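Examining the three-dimensional arrangement
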Amino acid sequence: MQKNTRVVKILLDSLPFIRIFRGKIIVIKYGGAAQSSLELKEKFALDIVIMYMLGLKPVIIHGGGKRINEVLDNMGIESSFKDGYRITCADSMRVVEMVLSGEINKELTAFLNFHGAKAVGMSGKDAHLLQAKAKDNGALGYTGEITQVNPEFLLQVIDNGFVPVIAPIATGESAGHLGYNINADIAACHIAKALKAQKIIFLSDIVGVLDSNKELISSLTPKSIQTLEKEGVISGGMIPKLEACVDCVQNGVEKAHIIDGRVEHSLLLELFTTQGIGTEICNE
């Protein structure tokens, strides 16, 4: 009986959040540890299906760096990086597209459709969803920076009841161009801004942003992030992720979240419970 009462309390706790988010676009960047096992992949897919069934409008942008490294290693192609960005030669670009569009994208789309969502896989090349130019004047090869997003195409897909699953590959400047490899965090940020999403959620390999005592910080603003950067509390790979969050909340997205993709059903816990599980970033 106590167990049943606890379940009912959880459901009641979620009702206000369901009411707020119903009909709203939620952009989710999927990658890292959440892609590391078949079980976590399926749990993630189930979270998305529940969101979809409750009337939310999820949009997924996925990465796949670890899998790309594995395939490149097997093919004898060296992986090299600069300031956290992959240096993408022509051969690497072909592998990036094969892994992201041909493997990870279709696997996730299949999971979602199997469990009851209407999901459609695509890359940023489709309908010129993402257009880009070479990053740092070509110093990183076929790694690009986004110049334009086509939100009208995505909105049509969403309005027709589909869940877009997007591989972060952008169209190049000319016909026959191999396209550009785009950092998935940055692609998710640009798409969230273009769609004026209610939220953007980054699934990460950590619990969230930690303070100097290694305790979770539940909420941050752009100003407090600047302070923590100056103090050296925030460093390394967390800096570009938080910069993407700040960019979003200062350009029309209500809130950004960094949550632990290693936790089963982390999306549901962050969206539909009072406590949440990660760090939220909102404007001043």
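Named according to an unreviewed UniProt entry, the protein chain is Acetylglutamate kinase originating from Helicobacter japonicus. Note on the protein chain: under the UniProt heading Catalytic activity (unreviewed entry), the record states "N-acetyl-L-glutamate + ATP = N-acetyl-L-glutamyl 5-phosphate + ADP". The Function (unreviewed entry) comment attached to the protein chain in UniProt states, word for word, "Catalyzes the ATP-dependent phosphorylation of N-acetyl-L-glutamate."

Our next topic: the overall build of the protein chain. When its secondary structure is counted, the protein chain shows nine helices and 14 strands. Taking the principal axes of its C-alpha atoms as reference, the protein chain extends roughly 60 × 45 × 35 Å. When burial is assessed residue by residue, the protein chain has 49% of its 284 residues classed as buried. A sequence separation of at least 24 residues applies to 74% of the contacts in the protein chain between residues at least 6 apart. Put simply, the protein chain shows about 13,500 Å² of open surface, and 52% of that area lies on carbon and sulfur atoms. Each charge class in the protein chain can be summarised by its mean position, and for the 29 positive and 32 negative side chains these summaries are 5 Å apart.

Take the packing of helix H7 (residues 222-230) against helix H8 (residues 238-249) next. For the pair H7 and H8, interaxial distance at closest approach is 10 Å and the crossing angle is 160°. By the angle between their axes, H7 is roughly antiparallel relative to H8. For the pair H7 and H8, the sense of crossing is left-handed. Within the contact between the two elements, H7 uses Pro222, Ile225 and Glu229 and H8 uses Ile239, Leu242, Val246 and Val249. Residue composition of the contact of H7 with H8, grouped by class: six nonpolar, no polar and one charged.

Bringing the packing of helix H6 (residues 184-195) against H8 into the picture now. In contact at an axis separation of 9 Å, H6 and H8 are set at 5° when each is read in the N-to-C sense. By the angle between their axes, H6 is roughly parallel relative to H8. Facing Asp185, Cys189, Ala192 and Lys193 of H6, the residues of H8 in contact are Lys241, Ala244, Asp247 and Cys248. Residue composition of the contact of H6 with H8, by class: four nonpolar, no polar and four charged.

So, on to unusual backbone geometry. Peptide bonds are trans in most cases, and residues, glycine excluded, mostly fall at negative phi. Residues other than glycine seldom take positive phi values, yet Ala127 does so here, at roughly 55°. Note that Ala127 resides in the loop between strand E5 (119-123) and strand E6 (130-134). By relative accessible area, Ala127 is classed as partly exposed at 43%. Unlike most non-glycine residues, Asn137 shows phi in positive territory, near 55°. Checked against the element boundaries, Asn137 lands in the loop between E6 and strand E7 (144-149). A residue is classified by how much of its surface remains accessible, and Asn137, at 82% relative accessible area, is exposed.

Okay, the UniProt feature "binding site: substrate" (unreviewed entry) in the protein chain next. Here the UniProt-annotated "binding site: substrate" (unreviewed entry) positions come out as Gly64, Gly65, Arg86 and Asn181. A stretch of 118 residues holds the annotated residues, and the largest C-alpha distance among them is 11.9 Å, short enough that they meet in one place. The topology assignment puts Gly64 in the loop between strand E2 (57-62) and helix H3 (65-74). Excluding residues within four positions of it along the chain, Gly64 makes contact with Gln35, Val99, Leu100 and Ile104. Its location among the elements puts Gly65 in helix H3.

Moving on to the side chain of His257. Mapped onto the secondary structure, His257 falls in strand E13 (residues 255-260). For His257, a relative accessible area of 3% puts it in the buried group. Polar side-chain contacts of His257 include one of 2.8 Å to the side chain of Lys199. Setting aside its immediate chain neighbours within four residues, His257 contacts Lys199, Ile200, Ile201, Phe202, Glu270, Thr279 and Glu280.

Quick look at the nonpolar core now. Of all hydrophobic cores here, the largest spans 44 residues; its most connected members are Val27, Val59, Ile191, Ile200, Leu242 and Ile281. Among the elements that make up this core, the one with the highest residue count is H8 (seven residues). Other than its neighbours up to four places away in sequence, Ile191 contacts Val59, Ile61, Leu130, Val149, Leu154 and Ile166.

The rules behind the values
- Every residue gets a number counted from 1 within its own chain, in the order that chain's sequence is written.
- This being a predicted model, a pLDDT of at least 70 is required before a residue's local features are given, and a value of 80 or more before pairs of side-chain atoms are given or counted; all residues contribute to the totals for chains, interfaces and linings.
- The side-chain values count all of the structure's non-hydrogen atoms but skip hydrogen atoms and water molecules.
- UniProt positions are given in the numbering used here, feature names are shortened, and annotations may be inferred rather than shown by experiment.
- Starting at the N terminus, helices and strands are each numbered in turn, a helix being any DSSP run of H or I of at least four residues and a strand any DSSP run of E of at least two.
- Exposure is judged per residue with a 1.4 Å probe applied to protein chains only, and the accessible area is read against the type maximum: over 50% gives exposed, under 20% gives buried, and values in between give partly exposed.
- Only heavy atoms enter the contact rule, under which two residues are in contact if any of them lie within 4.5 Å.
- Calculation of accessible area relied on Shrake-Rupley with a 1.4 Å probe; when residues are assessed, cover is drawn exclusively from the protein chains displayed.
- Positive charges come from Lys and Arg, negative ones from Asp and Glu, while His and the chain ends are left out of the count.
- Every charge is mapped onto a representative atom, which is NZ of Lys, CZ of Arg, CG of Asp or CD of Glu.
- Comment: axis = line fitted to C-alpha atoms, over the contacting stretch for helices; angle = value between 0 and 180 degrees taken between N-to-C directions.
- For this classification, under 35 degrees means roughly parallel, over 145 means roughly antiparallel, 65 to 115 means roughly perpendicular, and everything else is oblique.
- Two helices crossing with the near one rotated counterclockwise from the far one by less than a right angle form a left-handed crossing, whereas a clockwise rotation gives a right-handed crossing.
- All residues other than Ala, Val, Leu, Ile, Met, Phe, Trp, Tyr, Cys, Pro, Asp, Glu, Lys and Arg, Gly among them, are scored as polar; the first ten of these are nonpolar and the last four charged.
- Under this definition, polar contacts are N or O atom pairs within 3.5 Å; protein pairs additionally need one hydrogen-donor-capable and one acceptor-capable atom, and for neighbouring residues in sequence, both atoms have to be side-chain atoms.
- Take the buried residues of types Ala, Val, Leu, Ile, Met, Phe, Trp, Tyr and Cys, join any two whose side-chain atoms come within 4.5 Å, and each joined set is a nonpolar core.

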